[in-house]
Amino acid sequence: MGAPAILDHVVLAGPDLAATIDEVERRTGVRAPLGGRHPGGTANALIAFTRGGRRVKQYLELIGPDAEGGWTASEVGRFGIAALPAPAVVSFAIAPHDLDATVERATAAGAGIGAVVPLSRRTPDGRELAWRLGLPEDERQPPFLIDWGDTAHPALDDIPALELLAVRRLATDVAAESARLSALGVDVGDGRDALQVVAADADGIEIEVEVDGLPVVLR
């Protein structure tokens, strides 16, 4: 039971960001502070992850329509938000040592990663965070790839944290999905620093966090 060493963050999306923050707090006892607003109509809130009680460069991103900017769920296609009836874990990002080389290898292996794009957002205190993404050609096939460059990692900000126990990829075809993830440099297996790929009736993602000494699954 574990999570990939190159995990950067897990995305939990919902049709209403405020309601998503409330739901995660209800499940975990941790309230995510607002992170910022993105071009394209989304806003987020963040909770850092710890591993073995130590803060790491990994976090949970809660994302939804930018209500302050006047956006509604029906207008936001990113992460399938327009079609989500309730909050759900929808994707995760990995941070390879060399994003461009990983995209090149993944493309050669047919792992379905498209062009690398630059993005940014401004935090509530006015800082601008910038990063680059390697996006999957099919958003339903995570992960996406991220490179923070010179930007300080947001998980190291003064935000609340949850202990991450495991990340699991639910798959209808375990062998094919394991091979695709391996082509992206993800260590697949049951080790502490590996991603578990588990047989399921439908593809999905779930994470396991520790709350008051007990495991809680978010999916």
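These numbers come from a predicted model, not from an experiment.

The rules behind these values
Residues numbered from 1 in each chain as written. Predicted model: local features only at pLDDT ≥ 70, side-chain atom pairs only at ≥ 80, totals over all residues. Heavy atoms only, no water. Phe/Tyr/Trp six-rings, centres within 6.5 Å; stacked < 30°, edge-to-face > 60°. Helix = DSSP H or I, 4+ residues; strand = E, 2+ residues; numbered from the N terminus. Buried < 20%, exposed > 50% of the residue type's maximum accessible area, 1.4 Å probe, protein only. Lys NZ or Arg CZ within 6 Å of the ring centre and 35° of its normal. Pairing = 2+ DSSP bridges. Contact = heavy atoms within 4.5 Å. Polar contact = N/O pair within 3.5 Å; in protein donor to acceptor, adjacent residues only side chain to side chain. Arc of directions from axis to C-beta.

Asks: I tried to follow the packing of aromatic side chains on my own but got confused; where do I start?
Replies: Taken as a whole and assessed by the stated rule, the structure comprises two aromatic pairs. Considering the side-chain rings of Phe 79 and Phe 144, the 6.0 Å spacing of their centres and the 45° angle between planes classify their relative orientation as tilted. In this pair, Phe 79 sits in the loop between strand S4 (54-65) and strand S5 (88-94) while Phe 144 sits in strand S8 (residues 144-147), placing the two residues 65 residues apart along the sequence. Comparing Phe 79 with Phe 144, the two get one shared label, buried. Both rings, one in Trp 131 and one in Trp 148, keep their centres 5.3 Å apart while their planes meet at 50°; by these two values the pair is tilted. With a gap of 17 residues between them, Trp 131 in strand S7 (residues 128-136) and Trp 148 in the loop between S8 and strand S9 (161-171) connect regions that are remote in the sequence. Given the relative accessible area of 10%, Trp 148 is considered buried. Directly above the ring of Phe 79 sits Arg 78, whose terminal nitrogen or CZ lies 4.1 Å from the centroid. One cation-aromatic arrangement involves Arg 78 over Phe 144; the distance from NZ or CZ to the ring centre is 5.8 Å.

Asks: Whenever I open this one, the pairing of S5 confuses me. Can you help?
Replies: On a regular strand, each side chain points to the face opposite its neighbour's, so the side chains alternate between the two faces of the sheet. Judged by how many residues are buried, S5 sits mostly within the fold: seven of seven residues are covered. Examined bridge by bridge, strand S1 (residues 7-13) and S5 share six bridges and lie antiparallel to one another. Across the sheet, residue Leu 7 finds its bridge partner in S5, namely Ile 94. Sheet analysis places S5 next to S8, joined by two bridges and oriented parallel. Residue pairing for S8: Ala 93 is matched across the bridge by Phe 144.

Asks: Before we go on, may I ask you to explain the environment of Asp 100 in this structure?
Replies: Mapped onto the elements of the fold, Asp 100 is located in helix H2 (residues 99-108). Taking the C-alpha atoms as reference, Asp 100 lies 28 Å from Glu 206; in sequence the two are 106 residues apart. Excluding residues within four positions of it along the chain, Asp 100 makes contact with Val 116 and Arg 132. Here Arg 132 takes part through its side chain, which lies 3.0 Å from a polar atom of the side chain of Asp 100.

Asks: For this particular structure, what's the right way to read helix H3 (residues 174-183)?
Replies: Each turn of an α-helix holds 3.6 residues, which means side chains three or four residues apart point in the same direction. Burial in H3 covers these residues: Glu 177, Ser 178, Arg 180 and Leu 181. In an axial view of H3, the angular spread of the buried residues amounts to 165°, which keeps them on one side of the axis. Next to the buried residues of H3 lie S5, S9 and strand S10 (196-199). One or two positions beyond H3, positive phi appears at Gly 185, with a value near 90°.

Asks: Looking at this structure, I do not really get unusual backbone geometry. What am I missing?
Replies: With the exception of glycine, most residues fall at negative phi, and the peptide bonds are largely trans. With an omega of 10°, the peptide bond between Pro 142 and Pro 143 qualifies as cis. Relative to the elements of secondary structure, Pro 143 occurs in the loop between S7 and S8. The phi dihedral of Phe 79 falls on the positive side, at around 60°, and the residue is not glycine. Of note in this structure, Asp 212 is not a glycine but carries a positive phi near 55°.

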